[in-house]
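Single-letter residue listing:
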Amino acid sequence: MASTSASSAAKADQPVAIVCVGMAGSGKTTFMQQINAHLHGKKEPPYVINLDPAVTHSPFESNIDIRDSVNYKEVMKQYNLGPNGGILTSLNLFATKVDQVLGLLEKRTAPKPDDPTHTPIKHILVDTPGQIEVFVWSASGQILLESLASSFPTVIAYIIDTPRTSSTSTFMSNMLYACSILYKTKLPMILVFNKSDVKDPAFAKEWMTDYDAFQAALQEDETNNAFGGAEGSGDGMGSGSGYMGSLLNSMSLMLEEFYAHLNVVGVSSLYGTGIDEFFAAVQEKAEEFKRDYQPELERRREEREENKKKARERELNKMMKGMSMGDAAGDVTVGDVNDKEAPEPLSTDEESSDEEYGDDPNDEYDREGLQARYAAAMQGEDDSVLADASFAKYLHSQR
Ligand SMILES: Nc1nc2c(ncn2[C@@H]2O[C@H](COP(=O)(O)OP(=O)(O)OP(=O)(O)O)[C@@H](O)[C@H]2O)c(=O)[nH]1
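These figures come from a predicted structure and were not determined experimentally.

Cut-off values and rules
- Residues numbered from 1 in each chain as written.
- Predicted model: local features only at pLDDT ≥ 70, side-chain atom pairs only at ≥ 80, totals over all residues.
- Heavy atoms only, no water.
- Pairing = 2+ DSSP bridges.
- Helix = DSSP H or I, 4+ residues; strand = E, 2+ residues; numbered from the N terminus.
- Contact = heavy atoms within 4.5 Å.
- Axes fitted to C-alpha atoms, helices over the stretch in contact; angles between N-to-C directions.
- Near = heavy atom within 4 Å.
- Areas by Shrake-Rupley, 256 points an atom, 1.4 Å probe, with all protein chains shown as cover.
- Nonpolar A, V, L, I, M, F, W, Y, C, P; charged D, E, K, R; others polar.
- 1 Å grid on protein atoms, 1.4 Å probe; cavity = no way out; pocket = protein on both sides within 12 Å on 5 of 7 lines; lining within 4 Å.
- Points joined across faces, edges and corners; volume = space filled by probe spheres on them.
- Parallel < 35°, antiparallel > 145°, perpendicular 65-115°, else oblique.
- Left-handed = near helix turned anticlockwise from the far one by under 90°.
- Buried < 20%, exposed > 50% of the residue type's maximum accessible area, 1.4 Å probe, protein only.
- Polar contact = N/O pair within 3.5 Å; in protein donor to acceptor, adjacent residues only side chain to side chain.
- Expected span 1.5 Å × (residues − 1).

J.: Would you mind going over the sheet that holds strand β5 (residues 154-161) with me for this structure?
T.: Taken in spatial order, the 7 strands make up an open sheet running β3-β2-β4-β1-β5-β6-β7, and their pairing is parallel. The two strands at the open ends of the sheet, each matched to only one other strand, are β3 (64-65) and β7 (263-266). Of the strands in this sheet, β1 (16-22), β5 and β6 (189-194) are in contact with helix α9 (residues 168-185), which crosses β5 at around 165°.

Structure, rendered in C-alpha cells:
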C-alpha cells in the first residue's frame, strides 16, 4: 500500500487535505463552516471528515463522521472513562479503520475522465477535537495524520482566537503551542488568526516579523503589570519581577526561526473575510509539502519499513500479554467506516460479540487463531480483525 500511496501522492492534481486544529472556543467549527460554504459557493465541494467524536451539533455535513463508527458515550460507559479519555479511546478505535478511510478517500477523489459531469474534489477538510493534545499527541492522531499525509498533500490550519491572544504572554503561549504541533506533526502549518472583526491580527503579524515591536509590547505589558503574579501584584511597585519579561524575550528570539516556516492569515469566520487569503496560503503550503515534506515522509516511511518486522513481533507479544490479563472491558465495537456517498451500506461489526472468543473461558480468546488473523492484518491482507472486540480489548489494555 505504501508504494501505491507514495506514487499517488506525487500526482499534481491531487486534493489538498486541510486539518483544522484549534483550542476550544477558537472558532474552529465556525471556520470549518465558512471554508466549507466558500468552496460550495465556488462549486468546488470539499470532502469533509469529522474526527471529533464528542461534538453534539455540527453546522455542516460530513462525508465521513467518526460518530457513525464509534459511539463516544458508550465508550465512556464501557471503559469507565471521563470525557477526554472517551475522546482518546474513540480516536484509537477509529484509527483501526484508517485503511477504510483512505480507501474511501482514494475512491472519491480519483479522477473520472469518462464522466464529464463529475466535479473533482480539490480539498479534504478535517475537523478535529477541541482538546488539541488528545489529537496531536496521541498515537491514533499520529496514525491518522500520517496516513492522510502519505496519500495527499496535507496542511495543518491552526485556528487562533485573536482577541484572546493580544497580550504578549498569551501570544507567546499560543506560539509555543503552535510550535509543538509543527514539530510533532512535521507538516506545513498555517496560522489562522480568527475573529479579525473583533481584533485586527496586524499586531500578531508585526510581532512575528519585527523583534523590536515585540520588545516594545513586552515593555508596555511589564509597565502595566500585565503579567501580575505574586511579586508584581502586591509590592506596590507596579511591575512584575522581570522574570516573565526576560522569559518571553528569550522565547521570542528562539521562535524567530519557527515563524519563518509559517504562513499567517487573519480571518473572520463570522463574516467570511480573509478566506481567499487562506486558500492562497493553502496552495502555497501544498506546494511546500510536495517540495520539502514529501521526501522526508518517504525517507521516514522507508526507515519504518526496515523496523516493521521487529515491531510487529513486539506488538504481537504485547497484545497477547495484554489479553491474558483478564481485562473486563465491555463490548464496544467499531463500525465500519462508510461515507454519505457510498451506494451500498457496508456491514457493521455488531455481531462481533464475545462469541468471537469462544465459550470456553480457558480458551484465552483462541490465541492461535487471533494471532494468525492479527499477523494477516498487519500484512494488509485483512483489516477486519482490527475492528473486532478482541482488538478493542487490546487497545483498552494498552491505554
Ligand atoms: N466575532 C466573532 N466570533 C466568532 C468568530 N468565529 C467564531 N466566533 C464565535 O466564537 C464562539 C466559538 O466558536 P466555535 O466555532 O463554536 O468554536 P470552536 O473552536 O469550534 O469551539 P468548540 O466547539 O468548543 O471546540 C462562537 O460563539 C462563535 O460565534 C469570528 O470570526 N468572529
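Now that the structure has been shown, the text picks up again.
J.: Would you explain the site of the ligand in this entry?
T.: Taken together, 15 residues lie around the ligand, and Gly25, Thr29, Thr30, Asp197 and Ser269 are the ones closest in. Considering the ligand on its own, with 640 Å² of exposed area, one finds that the protein chains cover 66% of that surface. When residues of the shell around the ligand are assigned to their parent elements, the largest contribution, 3 residues, is made by helix α2 (residues 28-41). For the shell around the ligand, the per-class residue count stands at 4 nonpolar, 8 polar and 3 charged.

J.: Would you mind going over empty space enclosed by the protein with me for this structure?
T.: Any empty space left between atoms is shown by rolling a water-sized probe over those atoms. All chains considered together, the criterion is met by 3 cavities of 30 Å³ or more. Looking at the lining of the largest cavity, the elements that each hand over two or more residues are α6 (98-109) and α8 (139-151). What the second largest cavity holds in volume is close to 50 Å³. Here the lining of the second largest cavity takes 3 residues from helix α10 (residues 202-209), the largest share from any one element. Per-class residue counts for the lining of the second largest cavity are 5 nonpolar, 2 polar and 2 charged.

J.: Please explain unusual backbone geometry as it appears in this structure.
T.: For residues that are not glycine, phi is negative in most cases, and the peptide bond is trans in most cases. Unusually for a residue other than glycine, lysine 43 sits at a positive phi of about 60°. Structurally, the position occupied by lysine 43 is in the loop between α2 and β2 (47-50). Within the chain, lysine 186 stands out as a residue other than glycine whose phi angle is a positive 55°. Its place among the elements puts lysine 186 in the loop between α9 and β6.

J.: Help me out: how do you make sense of the packing of helix α5 (residues 83-95) against α8 in this one?
T.: Geometrically, a packed helix pair is captured by the angle between its two axes and the distance between the axes. Contact geometry of α5 with α8 gives a least axis separation of 8 Å together with a crossing angle of 40°. For the element pair α5 / α8, the angle class is oblique. Relative to α8, the crossing made by α5 is left-handed. Every residue of α8 that contacts α5 at Leu88, Leu91, Asn92, Phe94 and Ala95 is listed here: Ser140, Ile143 and Leu144. Residues of the contact of α5 with α8, tallied by class, amount to 6 nonpolar, 2 polar and no charged.

J.: Got a minute to help me understand the pairing of β1 in this structure?
T.: Look at any regular strand and the pattern is simple: side chains alternate between the two faces of the sheet. Most of β1 is tucked away, with 7 of its 7 residues classed as buried. The alternating pattern of β1 places Val16, Ile18, Cys20 and Gly22 on one face and Ala17, Val19 and Val21 on the opposite face, and all of these are buried. Of the pairings in the sheet, the one linking β1 to strand β4 (residues 123-127) comprises 5 bridges and is parallel in character. Residue cysteine 20 lies in a different strand from β4, and its bridge partner there is aspartate 127. As judged from the 6 bridges shared by β1 and β5, these two strands associate in the parallel manner.

J.: Can you walk me through the side chain of threonine 128 in this structure?
T.: Looking at the secondary structure, you find threonine 128 in the loop between β4 and α7 (132-136). Since its relative accessible area comes to 0%, threonine 128 is described here as buried. For threonine 128, the side chain forms a polar contact with the main-chain oxygen of cysteine 20, separated by 2.6 Å. Residues within four places of threonine 128 in sequence aside, it is in contact with Val19, Cys20, Val21, Lys28, Leu51, Asp52 and Phe135.

J.: Would you mind going over α9 with me for this structure?
T.: Structurally, the α-helix is built with 3.6 residues per turn, so residues lying three or four positions apart point the same way. Compared with an ideal rise of 1.5 Å per residue, which puts 18 residues at 26 Å, α9 spans 26 Å between its outermost C-alpha atoms and is within 8% of the ideal. Buried residues of α9: Thr168, Ser169, Phe171, Met172, Asn174, Met175, Ala178, Cys179, Ile181, Leu182 and Thr185, and no others. Where α9 terminates, the next one or two residues include lysine 186, which has phi positive at roughly 55°.

J.: I keep staring at the pairing of β2 and nothing clicks. Help me out?
T.: Where burial is concerned, the two faces of β2 agree: the one with Tyr47 and Ile49 and the one with Val48 and Asn50 are both buried. In this sheet, β4 lies alongside β2 in parallel orientation, the contact comprising 4 bridges. Following the sheet pairing, isoleucine 49 is matched in β4 by valine 126. The sheet contact formed by β2 and β3 spans 2 bridges and is parallel. Directly across from asparagine 50, in β3, lies its bridge partner aspartate 65.

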